[in-house]
Amino acid sequence: MTKTGGGPRPCGAWWREGAVTATAFVLCLLGGVVQVDDTLTAPPAAAYVIAVVSCAVLPLRRRAPLAALAATTASGVLVAPLGLLLSPLIVAPALITAYSYALTARTERRAAGAVLGTSVVLLVASTPLFGGVSWQDASRMGSVAAFPLMAGVLGHSVQNRRAYLAAVEERARRAEESRDGEARRRVAEERVRIARELHDLVAHQITLANAQATVAAHLFDIRPEQTRKSLRELVETTGHALDELRSTVGLLRQSGDTAGPAEPAPGLSRLPALLASFRGAGLEVSVEQEGTARPLAPGVDLTAYRIVQEALTNVTKHAATGTARVHLAWSRDRVTVTVADDGEGASAVHSRPPGYGLIGMRERATAAGGRLSAGRRPEGGFLVSAELPLPPARSGGAS
């Protein structure tokens, strides 16, 4: 398509403009050949004047379509006063500018139609003003009126078609951007989920390994048997950490669904084994339950397990205490998981801005439809409490 801006025009556009202008010039001269008595003569000087003036503005019809239409209409109005026969051929430049105006008009449809209608009226009104109107004159006037209107309708249709195609392309572009944005959002969410899982896994296992190594170093000289026990537990802990890390990384490397059996995600059913690992690291953990335990949704079950795991990991790393308490309270629509300690070192550590552990626990609770609170206890120590939703209880189920 020919450029309408102020930049350089392509070479092909100049050739097209030249071809259109030359064709209009030839048609205009052919219209001057026909005389009123339907005889053919050489084009008079007036025909050359009309052709030159009206065709000279054609290259400007895309930059200034209204001005070009006005100029060609004025040239058509001069046809009858100059003794030429008004016909569709001699007003061919006006037909071209009418098409270009309808194609490029930026006004609303009624205004564009009014401009084209005014042009047609001016073209056909010159004939009765400068002589009588015969039946043949009326026929030619009808043709002259019809052709510019048809050119305007065609130009308007092409404009609508281009606008429709542009709208379709814009919708497709926006849809593609929306898909790209959704893909980026899902990738970001997946990265957060992976980072959270790796943090929970590595922090827990490394903390236990560090505690067991500390115990072994402390008892190395005075209690060799206890040292050997701590080292065996350290080997088991690091082995479990490597297995879980290898399994997690293996899942991340898979490009599709795995056909092999997958290990169930951990939940509160594995709480005894989790507490045993902490007890092996020297942390005495007591467990209390209130109410009747009920099955949890898999995502909520994993969330409850990870919260207990991360909270006890923080106790082991920061609380400077050897005891912690886990409390599970079951109600009609929620389970409350509480992990508390009374360590003296907890207040100093937890006075700092929350780290990724607390952030991850809060994100897990929110994603599961619950909420989590964490902070220092008035009597000393630190408290983590999470409320997680329960599935609706069956009306006929045992309580």
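Just so it is clear, the model here is predicted, and its values are computed rather than measured.

1. Examining the overall build of the chain
- Looking only at helices and strands, one finds 11 helices and five strands in the chain.
- Expressed as a percentage of its 399 residues, the buried residues of the chain come to 37%.
- Restricting to contacts in the chain with at least 6 residues of sequence separation, those with at least 24 account for 72%.
- Counting every atom, the chain has about 22,900 Å² of accessible surface; 61% of that belongs to carbon and sulfur.

2. What about the pattern of salt bridges?
- By the definition in use, this model includes eight salt bridges.
- One salt bridge in this structure joins E176 and R179, with 2.5 Å as the shortest N-O distance. Taken together, the residues span about one helical turn, with E176 and R179 both in helix α6 (residues 135–219) at a distance of three residues.
- As a salt-bridge pair, R371 and E387 come within 3.2 Å of each other at their nearest N and O atoms. Linking R371 in strand β4 (residues 371–376) with E387 in strand β5 (residues 382–389), this pair joins segments that are 16 residues apart in sequence.
- Exposure remark for R371: the relative accessible area of 57% places this residue in the exposed category.
- Classification of E387 as partly exposed rests on a relative accessible area of 24%.
- Because the salt bridges share partners, they merge into one network encompassing E170, R173, R174 and E177.

3. Things to note about the confidence of the model for the chain
- Confidence along the chain averages 76 in pLDDT terms, with 72% of residues attaining 70 or more.
- In the predicted structure, residues 255–261 sits below a pLDDT of 50 and forms zero contacts with residues beyond four places in sequence or in another chain.
- Taken together, the stretch residues 346–353 has pLDDT below 50 and engages in nine contacts with residues farther than four places along the chain or on a different chain.

4. Concerning the packing of helix α3 (residues 65–77) against helix α4 (residues 92–104)
- The contact between α3 and α4 brings their axes to 9 Å, and the two run at 160 degrees. Our classification of the angle between α3 and α4 gives roughly antiparallel. Between α3 and α4 lies a crossing of left-handed hand. Here P65, L66, A68, L69 and T72 of α3 come into contact with α4, specifically with P93, A94, T97, A98, S100, Y101 and T104.
- When the residues that make up the contact of α3 with α4 are grouped by side-chain class, the tally is eight nonpolar, four polar and no charged.

5. Structural notes on the nonpolar core
- With 34 residues, the main nonpolar core has V308, L312 and V326 as its most contacted residues.
- Broken down by element, the residue count for this core peaks at eight residues, all from helix α9 (residues 298–318).
- Among all residues touching V326, those that are not within four sequence positions of it are L275, V285, S286, V287, E288, V308, L312, T338 and V339.
- In terms of nonpolar packing, the next biggest core, distinct from the first, is built from 18 residues, V79, V91, L123 and V124 among them.

6. A word on the side chain of T73
- Along the polypeptide, T73 turns up in helix α3.
- In this structure T73 comes out as buried when scored by relative accessible area, which is 5%.
- Not counting residues within four places of it along the chain, the set of residues in contact with T73 comprises S119, L122 and L123.

7. So, empty space enclosed by the protein
- Considering all chains together, one arrives at two cavities of 30 Å³ or more under this definition.
- Here the largest cavity is characterised by a volume of approximately 70 Å³.
- What lines the largest cavity is a set of 11 residues, among which A311, N314, V315, D341 and F382 lie closest to the centre.
- If you list the elements that add at least two residues to the lining of the largest cavity, you get α9, β3 (334–341) and β5.
- Classifying every residue of the lining of the largest cavity gives eight nonpolar, two polar and one charged.
- The space that makes up the second largest cavity amounts to roughly 40 Å³.

8. What about a nonpolar patch on the surface?
- A cluster of nonpolar side chains, namely V26, L27, L30 and L89, defines an oily patch on the protein surface of about 300 Å² accessible area.
- With respect to the helices, strands and loops of the structure, L27 is situated in helix α1 (residues 11–33).

9. Things to note about helix α8 (residues 271–280)
- Within the span of α8, buried status applies to L271, L274, L275 and F278. Buried positions in α8, seen along its axis, are confined to an arc of 95 degrees and lie on one side of it. Turned more than 90 degrees off the buried face of α8, the exposed positions are P272 and A273.
- Positive phi appears at G282, one or two residues downstream of α8, with a value of about 100 degrees.

What counts, and where the lines are drawn
- Every chain is numbered independently, its residues counted from 1 as its sequence is written.
- Where totals are concerned, whole chains, interfaces and linings use all residues; where local detail is concerned, this predicted model gives features only for residues with pLDDT of at least 70, and gives and counts side-chain atom pairs only at 80 or more.
- Side-chain measures were taken over the full set of non-hydrogen atoms in the model, leaving aside hydrogen atoms and water.
- Each helix is a run of DSSP H or I of at least 4 residues and each strand a run of E of at least 2, with the numbering of both proceeding from the N terminus.
- Three labels apply to residues, based on accessible area from a 1.4 Å probe with only protein chains included: buried if under 20% of the type maximum, exposed if over 50%, partly exposed otherwise in between.
- In this description, contact between two residues means that some pair of their heavy atoms is separated by no more than 4.5 Å.
- Surface accessibility in these figures is a Shrake-Rupley result with a 1.4 Å probe; residues are shielded only by whichever protein chains are displayed.
- Salt bridge, as used here: a side-chain nitrogen of Lys or Arg that lies within 4 Å of a carboxyl oxygen of Asp or Glu.
- Confidence scores labelled pLDDT are given residue by residue by the predictor and lie between 0 and 100.
- Structural elements are reduced to axes, namely lines fitted to C-alpha atoms, with helices fitted over the stretch in contact, and the angle between N-to-C directions of any two is expressed from 0 to 180 degrees.
- Roughly parallel covers angles under 35 degrees, roughly antiparallel covers those over 145, roughly perpendicular covers 65 to 115, and oblique covers all other angles.
- Each crossing gets its hand from how the near helix is turned against the far one by less than a right angle, where anticlockwise is left-handed and clockwise is right-handed.
- Think of it as three bins: nonpolar holds Ala, Val, Leu, Ile, Met, Phe, Trp, Tyr, Cys and Pro, charged holds Asp, Glu, Lys and Arg, and polar takes everything else, Gly as well.
- Side-chain atoms within 4.5 Å link the members of a nonpolar core, which is a set of buried Ala, Val, Leu, Ile, Met, Phe, Trp, Tyr and Cys residues.
- Residues are said to line a cavity or pocket when one of their atoms sits within 4 Å of a point; the points come from a 1 Å grid over protein atoms alone, cavities being sets where a 1.4 Å probe fits but cannot get out and pockets being open sets with protein on both sides within 12 Å along at least five of seven lines.
- Grid points are joined across faces, edges and corners, and a volume is the space filled by probe spheres set on the points.
- Like charges within 9 Å and nonpolar side chains (Val, Leu, Ile, Met, Phe, Trp, Tyr) within 5 Å are joined into patches, using only residues over 30% in relative accessible area that form no salt bridge.
- Of all possible arcs, the one meant is that of the directions from the helix axis to the C-beta atoms.

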